[in-house]
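The primary structure of each chain is shown beneath.
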Amino acid sequence: MSYLRFEKALMTNLEESLPRELLRTNRSGAYSCSTIVDCNTRKYHGLLVVPVPGLDDENHVLLSSLDATVIQHGAEFNLGLHKYQGNNFSPKGHKYIREFDCDKVPTTLYRVGGVVLKKEVVFQHYEDRILIRYTLVDAHSATTLRFRPFLAFRSVRQFTHENSVASRDYSEVENGIRTCMYAGYPDLYMQFSKANNFVFQPDWYRGVEYPKEQERGYASNEDLYVPGYFEMDIKKGESIVFSASTTQCKTGGLKALFTKEVDERSPRDNFLHCLINAAHQFHNRTSKDERYLLAGYPWFKCRARDTFIALPGLTLSIEEEDYFELVMETAARGLYEFMEGKPLTVKIYEMEQPDVLLWAVWAIQQYAKHVGREKCNRKYGKLLYDILQYIVSDKHPNLQLRQNGLLYSEGKDHAVTWMNSTANGRPVVPRTGYIVEFNALWYNALKFCASMAAEYGDQTFAAEIEKRAELCGSSFVDTFVNEYGYLFDYVEPLDSPDWSVRPNMIFAVAFDYSPLSQAQQKSVLDVCTRELLTPKGLRSLSPKSGGYNPMYVGPQTQRDYAYHQGTAWPWLGGFYMEACLKIYKRTRLSFIERQMVGYEDEMVQHCIGTIPELFDGNPPFSGRGAISFAMNVAEVLRTLELLEKYKY
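Attention here is on the structure that accompanies the text. (Residues numbered from 1 in each chain as written. Predicted model: local features only at pLDDT ≥ 70, side-chain atom pairs only at ≥ 80, totals over all residues. Heavy atoms only, no water.)

Some words on the overall build of the protein
Cut-off, in case you're wondering: Per the convention used, a helix needs a DSSP run of H or I reaching at least four residues, while a strand needs a run of E reaching at least two, with both numbered from the N terminus. We take the radius of gyration over the C-alpha atoms and set the globule estimate at 2.2 Å times the residue count to the 0.38 power. Burial status follows relative accessibility: with a 1.4 Å probe on protein chains alone, a residue under 20% of its type maximum counts as buried, one over 50% as exposed, and anything between as partly exposed. Only heavy atoms enter the contact rule, under which two residues are in contact if any of them lie within 4.5 Å.
Along the backbone of the protein there are 17 helices and 34 strands. Computed over C-alpha atoms, the radius of gyration of the protein comes to 26 Å, within 12% of the 26 Å expected from 2.2 N^0.38 for 648 residues, which places it in the range of a compact globule. Across its three principal axes, the protein shows a C-alpha extent of roughly 85 × 50 × 45 Å. Residues counted as buried form 63% of the 648 residues belonging to the protein. Across the protein, the fraction of contacts at a sequence separation of at least 24, relative to all contacts at a separation of at least 6, is 66%.

As structure tokens, this is what we get:
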């Protein structure tokens, strides 16, 4: 039985099936995303969603969906499903679904009377091309298939509505048509592997509604343009392949192309394989052959902090050192451009955030543990040296090295940490001054770089950095440790410290080098366990702290105030579990294995086979936000790797 398999009872119950989403990417920025019953519930959903660099930096929905209709003896059975205003679903094709599984590729089995039709979907790697194979498994009479494409040609952040500007022009190409609704967009090629009849019957389908946008407090309905339909006969046992792309293809090779793409897919037959597949979906290769990691789907771009936090888990933990090196090569160019005050030529956002350089050092530290310190020094020794010199020289616009050896950042007016939600132009959590994870990262970076320098010959630099580490460590304890056994989240020297119990203190325990004593580390870990730990990671704020708001629901402003005020984050849970193993060793293996069950449950929820951005901080800990989040997948993978190391 397939690991990701759903039977008729679930598929035909929309309360169960609509919340489950499905994501496929081409590793070049384009994606295909919908629910497992092919009913789009977000404006971000679409069968073919691609970047259009000539227009903007957003993705654009070209082909929203493709409705298939089975025709026998003149009777039509439409297998599509759309939600319209007034809570109306039409044409309710989900009632014909018998089962769905997603072992190698998403596969849906429909049964209409004596007709059994199988649909399989694959997104071609590194091409903006979605492929769908329809196979008539069984039929007792002559059968015809009709396909009606729903077009949007709009940004994922907008909606389209019936208008007179949209072009209805099309031209025939081999076994299909080419069309483009608006100037500036690429042509959309819709082709089949066999000859067919296209009937031009232009119309707008009005009032298509997206309930996920309603939940989020946004506008939620649009009109979709249908240029007509394709029709062809199909025999029992025959397969037909549909292609939608921004480039024309030779239709005679579509069946072979589909088979080739399926053969290249790794099965999602267990928890680990699902996560590995999810990790690959964040890969992004540009036309310049640069390599990036997208922060998440469907709306995130490549962000610097996310890249360095996620990079070890998404690559090193699954034995893909080569992709680590490719991403780091691109990112290092961006780091140097930032440090040299040059315009960035790489497409990595938020490089100016003050902790980015520190997370880059941490990522390189993980590389050293996987491939060896000698190779790490050879590849990244100079980068490590340059980063430390840049910080020590106080060249960063918002990262000052104070006389006490700690780093200071101004965050009252603009969010500078990963807790970056804003409301009315101001940070919801105005973390400023001495920020706990910044300085835990700084101490860890100093100790790591000092040990590398000492081992590979620069003794003077090593001694200087070691001395800075001693000062930083002493000041860290004096500044952050309080009498209640946990760490202040941030300390502004001119104000009182922030007493909120937040998860950022866990880094001072999890990192290889900690300024805390063993007893202090254990105390911090115990507080995190009592007040922050959930089955889905660490809460961003303790329920005992003021402002606790664990439910990430409602309109944008309401969600902004909840984003870091009690919601649970799996990537923080990864560092918590690393700290747990560091302090308690093998005695906590069974406890951590039980914690991982909470993430395995997520494989068949929300977006199947991956982990969403965050969870509510209170039961039932519902998944929220982006449907797939790189840092979360990365840290769960890294935890699985750590478990294996401690077992053997």
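Section: the pattern of salt bridges
Side chains carrying opposite charge are able to pair once their charged atoms draw close together. The cut-off we apply is this: A carboxyl oxygen of Asp or Glu within 4 Å of a side-chain nitrogen of Lys or Arg is what we treat as a salt bridge.
One pass over the structure, following the stated rule, counts 41 salt bridges. Between K194 and E238 there is a salt bridge; the shortest N-O distance is 3.2 Å. Taken together, the positions of K194 in the loop between β16 (188-192) and β17 (197-209) and E238 in the loop between β18 (221-234) and β19 (239-245) put the pair 44 residues apart, joining distant regions of the chain.

Some details on the state of the cysteines
As a reminder of what qualifies: We call a pair of cysteine sulfur atoms a disulfide when they lie within 2.5 Å.
All told, the structure shown has zero disulfides when counted by the stated rule. You can see C180 has no disulfide; the closest cysteine sulfur is in C249, sitting 18 Å from it. With no disulfide of its own, C580 lies closest to C528 among cysteine sulfurs, the gap being 10 Å.

Some points on the packing of aromatic side chains
We count it as follows: Only Phe, Tyr and Trp rings are paired, with Trp represented by its six-membered ring, and only when their centres lie within 6.5 Å; those with planes under 30 degrees apart are stacked, over 60 edge-to-face, the remainder tilted. Geometrically, a lysine NZ or arginine CZ counts as sitting over a ring once it is within 6 Å of the ring centre and also within 35 degrees of the ring normal.
Scanning the entire structure with this criterion turns up 43 aromatic pairs. Measuring from centroid to centroid gives 5.1 Å for Y44 and W299, while their planes differ by 55 degrees, and the two rings are tilted. Of this pair, Y44 sits in the loop between β3 (31-35) and β4 (46-51) while W299 sits in the loop between β22 (296-297) and α6 (304-315), placing them 255 residues apart in sequence. On the basis of relative accessible area, Y44 is assigned to the buried category, the value being 4%. Ring centres 4.7 Å apart and planes at 45 degrees place the aromatic pair F476 and F480 in the tilted group. Residue F476 and its partner F480 are located together in helix α11 (residues 459-480), separated by four residues, close to a single helical turn. As far as burial versus exposure is concerned, F476 and F480 are alike and both buried. Sitting over the face of the ring of Y408, R402 holds its NZ or CZ atom 3.9 Å from the ring centroid. The ring of F591 has R588 lying over it, and the distance from NZ or CZ to the ring centre is 5.8 Å.

Describing the packing of α6 against helix α7 (residues 321-339)
For clarity, the threshold we go by: Think of each axis as a best-fit line through the C-alpha atoms, taken over the contacting stretch in the case of a helix, with angles from 0 to 180 degrees between the N-to-C directions. By definition in this entry, angles of less than 35 degrees are roughly parallel, angles greater than 145 are roughly antiparallel, angles of 65 to 115 are roughly perpendicular, and the rest are oblique. Crossing chirality is assigned from the near helix's rotation relative to the far helix, an anticlockwise turn below a right angle marking it left-handed and a clockwise turn marking it right-handed. Classes in brief: Ala, Val, Leu, Ile, Met, Phe, Trp, Tyr, Cys and Pro nonpolar; Asp, Glu, Lys and Arg charged; the others, Gly included, polar.
For the pair α6 and α7, interaxial distance at closest approach is 10 Å and the crossing angle is 165 degrees. The angle between α6 and α7 places the two elements in the roughly antiparallel class. With respect to the hand of their crossing, α6 and α7 are arranged in left-handed fashion. Residues T307, F308, L311 and T315 of α6 form the contact with α7, whose own contacting residues are Y323, F324, V327, M328, A331 and L335. Class assignment for the residues of the contact of α6 with α7 results in eight nonpolar, two polar and no charged.

Things to note about the sheet that holds strand β1 (residues 5-7)
Let me state the cut-off plainly: Two strands are said to pair when DSSP picks up at least two bridges between them.
The strand order β1-β9-β10-β11-β12-β19-β16-β15-β14 describes an open sheet built from nine strands, whose pairing is antiparallel. Where the open sheet ends on each side, the last strands, each with one partner, are β1 and β14 (170-173). Looking at each pair of strands side by side, their axes are set apart by 15 degrees on average, direction ignored. In terms of strand pairing, strand β9 (residues 97-101) meets strand β10 (residues 107-112) through four bridges, oriented antiparallel. Paired with D101 across the two strands is T107, which belongs to β10. Against the sheet, helix α4 (residues 254-264) engages β11 (115-123), β12 (129-138), β16 and β19, with an angle of about 100 degrees to β12.

Some points on the pairing of β3
With five of five residues buried, β3 is to be regarded as a mostly interior element. Bridge analysis of strand β2 (residues 21-25) against β3 gives five bridges, and the strand direction is antiparallel. Opposite R24, over in β3, you have S32 as the bridge partner. Linking β2 to β3, which pair antiparallel, is a turn of five residues; within it R27 sits at a positive phi near 65 degrees. Note: β3 against β4, two bridges, orientation antiparallel.

Looking at the nonpolar core
Heads up, the condition is: The nonpolar core is taken to be a set of buried Ala, Val, Leu, Ile, Met, Phe, Trp, Tyr and Cys residues, with the residues joined through side-chain atoms within 4.5 Å.
Core analysis: the largest hydrophobic core is formed by 221 residues, its most contacted members being L314, W442, F575 and Y576. Of all the elements, helix α10 (residues 436-455) adds the most residues to this core, at 13 residues. With residues near it in sequence (within four places) discarded, Y576 still touches I506, L525, C528, T529, L533, L538 and F591. Of all hydrophobic cores here, the second largest spans nine residues; its members include V105, C249, L254 and V262.

What about helix α8 (residues 356-371)?
Since the α-helix packs 3.6 residues into each turn, any two residues three or four apart lie on the same face. To keep it simple, the criterion reads: By this rule, a helix spans an expected 1.5 Å times one less than how many residues it contains.
With 16 residues, α8 ought to run about 22 Å at 1.5 Å a step, and its terminal C-alpha atoms sit 23 Å apart, in line with that. Counting buried positions along α8 yields 13 of 16 residues, so the element is predominantly enclosed. Taken from the residues just after α8, G372 is the one with a positive phi, measuring 105 degrees.

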